[in-house]
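# Survey of secondary and tertiary structure
Now for the letters of each chain:
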Amino acid sequence: MTDDIIIRIRGLKTAYGSHVVHENLDLDICRGEIIGIIGPSGCGKSVLLRAIVGLKEPAAGSIEVFGRRLETLDPVERSALERRWGVMFQDGALFSNLTVRENVEVPMKEHTKLGPQLREELADMKIRLAGLGPDAGAKNPSDLSGGMRKRAALARALALDPELLFLDEPTAGLDPITAAGFDVLVRKLQRALGLTVFLVTHDVDTLQATCDRIAVLGEKHVLAVGTIEELRTFDHPWVQEYFGGPRGRAATGH
């Protein structure tokens, strides 16, 4: 089982000044699973993602990804490790002055020595993989609908053929039909590409459609980890309200 743990977090503490976000947080993420990260607003779901990918330095504890700790690596080793994951940030974070194709090419320019033509061909392939039409590559992000922008951001996250994919609130702000289509796409890509997916969300429908396991953050640490059925019986007020409320019951068929 140890070999299958792709992310190992032990005793994590994160803080902004005197404000402690996480304290003594432990979590294991297994190779090939989609794990959903949920919790009340302000519990630090996105902060946890940022800590794992090295954008937020922990105040204490350890984070290992692929068996390595980021802070122990030299720049060359760190760059090689970062090539093995892709990140889709909460708002898409696309560069507004670049076309969709150019956005997808950004990680390739940063981490590879591929020529312009090959980069363009690979970018177009990722754009198609994310479910966008052949004409999307030449458009600017401002020309796209919300759902298409999310798919463009997903294409960029897939640019380097990652093993590990981080998705931060991927369906936030989307209508239910567009969100459901994105959920199906994530599940299909995970199975086809053998991805491990770390998915921050508040959407019960997304959890039901995509996730193998769910980790509940709260009170500065992980309250529980399990399937939806297992968490439905977990005795904690927020968890009971989340899965037992009208939206939770509708999504899980109870």
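In this report, we go over the structure that sits alongside the text.

About the cut-offs
- Residues numbered from 1 in each chain as written.
- Predicted model: local features only at pLDDT ≥ 70, side-chain atom pairs only at ≥ 80, totals over all residues.
- Heavy atoms only, no water.
- Buried < 20%, exposed > 50% of the residue type's maximum accessible area, 1.4 Å probe, protein only.
- Helix = DSSP H or I, 4+ residues; strand = E, 2+ residues; numbered from the N terminus.
- Pairing = 2+ DSSP bridges.
- Right-handed = clockwise from strand over helix to strand, strands pointing away.
- Polar contact = N/O pair within 3.5 Å; in protein donor to acceptor, adjacent residues only side chain to side chain.
- Contact = heavy atoms within 4.5 Å.
- Core = buried A, V, L, I, M, F, W, Y, C linked by side-chain atoms within 4.5 Å.

### A word on the pairing of strand E7 (residues 164-168)
With five of its five residues buried, E7 lies for the most part within the structure. Alternating residues of E7 divide into Leu-164, Phe-166 and Asp-168 and Leu-165 and Leu-167, and every residue in both groups is buried. Two elements, strand E6 (residues 85-88) and E7, share four bridges in a ladder whose sense is parallel. Residue pairing in the sheet places Val-87 in a bridge with Phe-166 of E7. Sheet topology note: the E7/strand E8 (residues 196-200) ladder contains five bridges and is parallel. Its bridge partner lying in E8, Phe-166 is registered against Phe-198. In the classification by handedness, the crossover that spans E7, the intervening helix H6 (residues 176-193) and the parallel E8 is right-handed.

### Here we look at the side chain of His-22
Relative to the helices and strands, His-22 is located in strand E2 (residues 19-30). A polar atom in the side chain of His-22 sits 2.9 Å from the backbone oxygen of Gly-44. What His-22 contacts, discounting residues up to four positions off in sequence, is Leu-12, Lys-13, Thr-14, Cys-43, Gly-44, Val-47, Leu-48, Leu-217 and Lys-220.

### Overview of the nonpolar core
The biggest cluster of nonpolar side chains holds 42 residues, and the ones touching the most others in it are Leu-154, Leu-165, Leu-167, Leu-207, Ile-214 and Phe-243. Per-element accounting of this core gives the leading share, five residues, to helix H5 (residues 146-157). Counting 30 residues, the second largest nonpolar core, distinct from the first, contains Ile-7, Leu-27, Ile-37 and Ala-215.

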